[in-house]
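Spelled out from the first residue to the last, the chains are:
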Amino acid sequence: MYKVNEIFYSLQGEGRNTGRAAVFVRFSGCNLRCTFCDTDFTHYETLSAEQIVNRMREICAEADCEQPFPMVVLTGGEPTLQVDSALISAIHAAGFSFVAMESNGTALPPANLDWLTVSPKAPEWLAVPAHATVVVHQCNELKVVFDGQTSVSDLGIQAQYYYLQPCDVGDANRNAEITSACIAFIKQHPRWRLSLQTHKLVGIR
């Protein structure tokens, strides 16, 4: 059984897969508590793998989504605390061929994922003391939240793609400063690419 915060259908708003239709499965709970986290962990349902898959298929049917089914994004919270290979196999068997996960990298993910995004969190971002040691050292996509102050060097993670994402601090002026600093950093370090939260820009979830 899995504690699920919500399941919904939208577009991936960040990183390499920006713009792709996706079913999001958000799991409740995290081993870190970042000050900018926008997820409410107080409400969740306890669901089986079968119930999760059925809910996903119902959502696609309501959206009149044609096959092949869209990608699936397992997120949180921290999905590695709950997601196992059995759940991913059930999702694959239901016709969802591309299963991605967004993780903070502090726990190893199941091996049968199709895509892994690691977004490590700096210790100074944590509201309460937590063990934030990254144990994942290779992924498809490394996505670092950039606040203009925290170093992004020597993270010890190898990836196919490297993205910097300006941190949304809730203040328009400060956000503009962070974005400008992020762009300047990428110009100096062209291995990195800019990731914007396009779902916020276009007003979708």
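The structure under discussion appears in the preceding block.
The following paragraphs examine the structure supplied in this document.

Parameters at a glance
- Along every chain, residues carry numbers that run from 1 in the direction the sequence is written.
- Local features are withheld for residues below a pLDDT of 70 in this predicted model, meaning they are given only at 70 or higher, and side-chain atom pairs are given and counted only at 80 or more; totals for whole chains, interfaces and linings count all residues.
- To get the side-chain values, all heavy atoms of the structure are used, and hydrogens and water are removed first.
- Runs of H or I in DSSP of at least four residues are treated as helices and runs of E of at least two as strands, each being numbered from the N terminus.
- For the radius of gyration, the atoms used are the C-alpha atoms, and the globule rule reads 2.2 Å times the number of residues raised to 0.38.
- Only heavy atoms enter the contact rule, under which two residues are in contact if any of them lie within 4.5 Å.
- The Shrake-Rupley method, run with a 1.4 Å probe, gives the accessible areas here. Residue values count only the displayed protein chains as cover.
- Under the convention used here, Asp and Glu are negative, Lys and Arg are positive, and both His and the chain ends fall outside the count.
- All charge positions are set by atom: Lys at NZ, Arg at CZ, Asp at CG, Glu at CD.
- One fewer than the residue count of a helix, multiplied by 1.5 Å, yields its expected span.
- Per-residue accessibility, obtained with a 1.4 Å probe over protein chains only, is compared with the maximum for each type, and a residue is labelled buried under 20%, exposed over 50%, and partly exposed between these values.
- The arc in question is formed by the directions pointing from the helix axis toward the C-beta atoms.
- What qualifies as a polar contact is a pair of N or O atoms within 3.5 Å, subject to a donor-acceptor requirement within protein and to the restriction that residues adjacent in sequence count only when both atoms come from side chains.
- Throughout this description, the term nonpolar core refers to a set of buried Ala, Val, Leu, Ile, Met, Phe, Trp, Tyr and Cys residues connected via side-chain atoms within 4.5 Å.
- Every axis corresponds to a line fitted to the C-alpha atoms, with the helix fit spanning only the stretch in contact, and the corresponding angles, defined between N-to-C directions, vary from 0 to 180 degrees.
- Crossing chirality is assigned from the near helix's rotation relative to the far helix, an anticlockwise turn below a right angle marking it left-handed and a clockwise turn marking it right-handed.
- Residue classes follow a fixed rule: Ala, Val, Leu, Ile, Met, Phe, Trp, Tyr, Cys and Pro count as nonpolar, while Asp, Glu, Lys and Arg count as charged, and any other residue, Gly among them, counts as polar.

## As for the overall build of the chain
Here's step 1: Across its full length, the chain holds four helices and nine strands.
Here's step 2: The secondary structure elements of the chain, listed N-terminal to C-terminal, are β-β-β-α-β-α-β-β-β-β-α-β-α.
Here's step 3: Here the chain has a C-alpha radius of gyration of 17 Å; the compact-globule value for 205 residues is 17 Å, and the two agree.
Here's step 4: Long-range contacts, defined as pairs at least 24 residues apart, comprise 62% of the intrachain contacts of the chain with a sequence gap of at least 6.
Here's step 5: Of the roughly 10,400 Å² that the chain leaves accessible, carbon and sulfur atoms contribute 50%.
Here's step 6: Taking the average location of the 15 positive side-chain charges in the chain and that of its 21 negative ones, the two points are 4 Å from each other.

## Some points on helix α3 (residues 172-188)
Here's step 1: Counted at 1.5 Å a residue, the expected span for α3 with its 17 residues is 24 Å, and the 25 Å between its end C-alpha atoms agrees.
Here's step 2: Those residues of α3 lying buried are N175, I178, C182, F185 and I186. Viewed along the axis of α3, the buried residues span an arc of 95°, placing them on a single side of the element. With respect to the buried face of α3, the exposed residues turned more than 90 degrees away are N173, K187 and Q188.
Here's step 3: Structurally, α3 contributes buried residues whose contacts are with β7 (138-146), β8 (158-166) and β9 (192-194).
Here's step 4: Where α3 starts, the residue carrying a side-chain oxygen 3.3 Å from the main-chain nitrogen of N173 turns out to be D171.

## Thoughts on the side chain of N140
Here's step 1: Position of N140 among the secondary structure elements: in strand β7.
Here's step 2: Accessibility expressed as a relative area gives 18% for N140, which makes it buried.
Here's step 3: A polar side-chain atom of N140 sits 2.6 Å from a polar atom in the side chain of Q160.
Here's step 4: Setting aside residues up to four positions removed in sequence, N140 forms contacts with D114, W115, L116, A159, Q160 and Y161.

## Looking at the nonpolar core
Here's step 1: Core analysis: the biggest nonpolar cluster contains 43 residues, and I52 and L74 have the highest contact counts within it.
Here's step 2: Here this core gets six residues from one element, more than from any other, and that element is helix α1 (residues 49-62).
Here's step 3: Core analysis: the next-biggest nonpolar cluster, separate from the first, contains nine residues, F8, A22, M71 and A100 among them.

## Quick look at the packing of α1 against helix α2 (residues 85-93)
Here's step 1: Interaxial distance between α1 and α2 falls to 10 Å at its minimum, and their mutual angle equals 35°. For the pair α1 and α2, the sense of crossing is right-handed. Contact residues: A49, I52, V53 and M56 in α1; L87, A90 and I91 in α2.
Here's step 2: Residue composition of the contact of α1 with α2, grouped by class: seven nonpolar, no polar and no charged.

## Remarks on α1
Here's step 1: Compared with the 20 Å implied by 1.5 Å per residue over 14 residues, the 20 Å span of α1 between its first and last C-alpha is a close match.
Here's step 2: When we look at burial in α1, the residues that qualify are A49, I52, V53, M56, I59 and C60. The arc that holds the buried residues of α1, viewed along the axis, is 120°, so those residues lie on one side. In α1, the exposed positions angled more than 90 degrees off the buried face are occupied by E50, A61 and E62.
Here's step 3: Lining the buried residues of α1 we find β1 (2-11), β2 (21-27), β3 (45-47), β4 (71-75) and α2.
Here's step 4: Count one or two residues on from α1 and you reach D64, which has phi positive near 55°.

## Topic: the environment of L155
Here's step 1: Along the chain, the position of L155 falls in the loop between β7 and β8.
Here's step 2: On the basis of relative accessible area, L155 is assigned to the partly exposed category, the value being 30%.
Here's step 3: C-alpha of L155 to C-alpha of H43: the two residues are 112 residues apart in sequence and 33 Å apart in space.
Here's step 4: Once you skip the residues sitting within four places of it in the chain, L155 turns out to touch P120, L142, V144 and W192.

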